[in-house]
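# Structure assessment
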Amino acid sequence: MAERLTNREGVKGMINPTRYGIERFAYWLQRLSGLGLLAYLIGHIYETSTIVNGKIAWNQMLGLTQTPQGHIILVIVIGMCIFHTANGIRVMLGHGGVGVGKPGQPEYPYRAASLNYKQRLCIWVSIALAAFAMMYGAGILFGD
Amino acid sequence: MAVVSQKASDTITASSTSSNSVILRISRSNLSNDHSTTLAEFKVPIQKWTTVLEAILYVKQNLDHSIAIRYSCRQASCGSCGMKINGKPALACYTKISELNSNIITVEPMNNFPIIRDLVVDFKQLFSTHKKMKPYVVRNDSELVPGTKEFLQTPREAEEYLQFSYCIKCGLCNSACPTMATDSSFIGPQGLAQAYRYVADSRDEGKKDRLKIVDQSHGIWRCHFAGSCSHVCPKGVDPAMAIQLLRGYLLGFRK
Amino acid sequence: MRESIIMKIHYGTALGAVVLVAIHILFRMTQNFSESLQYQNVIANYHFLPYALMLEVILILLSVHGFNGLRVILLELKQGIMYEKAINYGSIGAMAVLIAYGSRTILMAGMGMS
């Protein structure tokens, strides 16, 4: 009842990447990749901690992670890392007012200057870099 | 969860003389009666230039007088008729049925605003947040003192904040914002854009106060430049630009 | 701490982590991938002091950046004084735990205590 009274979209609205263009999709992907990378960081810290338990323990851990499934996860992590970094730099610069356009007299059809081609290009470049890095990473991991 | 009333008796048909018509689904809710939200369906005749507002008023006039809707100027000046049209916040008077490219038009109250009834939502939080931004020129002196009877401003200086002054407080930006979807304490794109409107005004001396107001955990830092606010703004205010320019002051990119 | 200071730290750790993680990955690429994961090669890296220090700095930067990001997401999901206090202190605690656990690995491996 409380949720209906406030009429907030809730998590469903926040995690919906559609309806508002590529910038909203980039926001959604930035959040998703951030959470994914945090989960990987915790796993990676745990995984590398087995080195202090000796060679056998380390090799046992490698047996778990150096599998096709492990490699697929690593390829996804590579993609998330590159996208999060590249898009993060775009967002950081945007937060400082760089690349968001200049104020002026709005003219019909009132296209927002902040949603300009530079921002869209950076988002697509981030996605492309991530895809390229994933392919390169997959080549190394599965090619070995 | 909205329920579409599919019964034949609920689907009220309009005049049979029109050659073009659409199905208009209007969200109905009356919280004082504790009814659940339903979608009432109406067949409405349209022409090439019919707006969503005209379609709703046609229904109100001819088919169901009880529909609650807020509207006034019919020309995207007052900001009263903001609602969710086919899933996206828009002004009903500014949205032509023909540009929606659909035979079924669903109108619902704007998200992130409490519902009063049907399509009418409560703007209390938007107005109170707007007031917290000190939406007036803050100055220690008065324009009567310098003897010019006004604070002089060049056209270039006026352009720095002009587009942000075009805000009609329609609330569409707050409805589209992904942070507003979950964060009830967030200032919102409308408030932050208006804070910048006055900070950018060369006549204003309240920059420090306003920066302090927005520099809080549910303030400017909960904006992540998703840009949805600027995507839906009907007046070209571009709140996303205003927020990033305002943040530039806090990050040291601007002095 | 003011939110602007926290966010400046968030941006600073991001930029620092980008540079150092790039170096970390480049280091791994000096050898063939499976070779670089061999026990003796990994231990040798921990014995090389500048590399071990770099790993420690990466650990701190990424823990701070990651858990602050999680804190931001969680703060937006729900509001309330007790909840926000719990999230703020919980994030700091989680950062500390991860940094401590990772530092333990670096110290023990670096000092040959394996």
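Computed from a predicted structure; not experimentally measured. (Residues numbered from 1 in each chain as written. Chains lettered and ligands numbered in written order. Predicted model: local features only at pLDDT ≥ 70, side-chain atom pairs only at ≥ 80, totals over all residues.)

## Focus: unusual backbone geometry
When glycine is set aside, most residues are seen to have a negative phi, and most peptide bonds are trans. Note the cis peptide between Y108 of chain A and P109 of chain A, where omega equals 5°. Locating P109 of chain A in the fold gives a position in the loop between α5 (68-95) and α6 (117-143). The phi dihedral of K169 of chain B is positive, around 55°, even though this residue is not glycine. Inspection of the secondary structure puts K169 of chain B in the loop between α3 (155-159) and α4 (172-176). Of the residues examined, K169 of chain B has 17 C-beta atoms within 10 Å and is grouped as partly exposed. The backbone phi angle of D238 of chain B is positive, close to 55°, even though this residue is not glycine. Locating D238 of chain B in the fold gives a position in the loop between α7 (228-232) and α8 (239-251). (Helix = DSSP H or I, 4+ residues; strand = E, 2+ residues; numbered from the N terminus. Buried ≥ 20, exposed ≤ 12 C-beta atoms within 10 Å, placed from the backbone.)

## As for the interface of chain B and chain C
It is common to report an interface's size as the accessible area lost on association of the parts. Each partner contributes residues to the interface: chain B has 12 residues there, and chain C has 8 residues. Classifying every residue of the side of chain B that touches chain C gives 2 nonpolar, 7 polar and 3 charged. (Contact = placed C-beta atoms within 7 Å. Nonpolar A, V, L, I, M, F, W, Y, C, P; charged D, E, K, R; others polar.)

## A look at the pairing of strand β2 (residues 21-28) of chain B
All names here are of chain B. Pairing geometry for β2 and strand β3 (residues 38-45), over 8 bridges, is antiparallel. From the neighbouring strand, R25 faces β3, where its bridge partner is E41. The pairing of β2 with strand β6 (residues 104-108) spans 4 bridges and is classified as parallel. By the bridge assignment for β6, I23 is matched with I104. (Pairing = 2+ DSSP bridges.)

## Points about the interface of chain A and chain B
At the junction of the two partners, chain A supplies 32 residues and chain B supplies 41 residues. A per-element tally of the side of chain A that touches chain B places helix α2 (residues 10-14) of chain A first, with 4 residues. Partitioned by chemical class, the residues of the side of chain A that touches chain B number 14 nonpolar, 13 polar and 5 charged.

## Digging into the domain arrangement of chain B
Residues and elements named next belong to chain B. Its domain assignment divides chain B into domain 1 (3-121) and domain 2 (124-251). Sort the elements by how many residues they give to the side of domain 1 that touches domain 2 and strand β5 (residues 88-91) lands first, with 4 residues. Residues belonging to the side of domain 1 that touches domain 2 are distributed by class as follows: 8 nonpolar, 5 polar and 1 charged. (Domains from an automatic or database assignment.)

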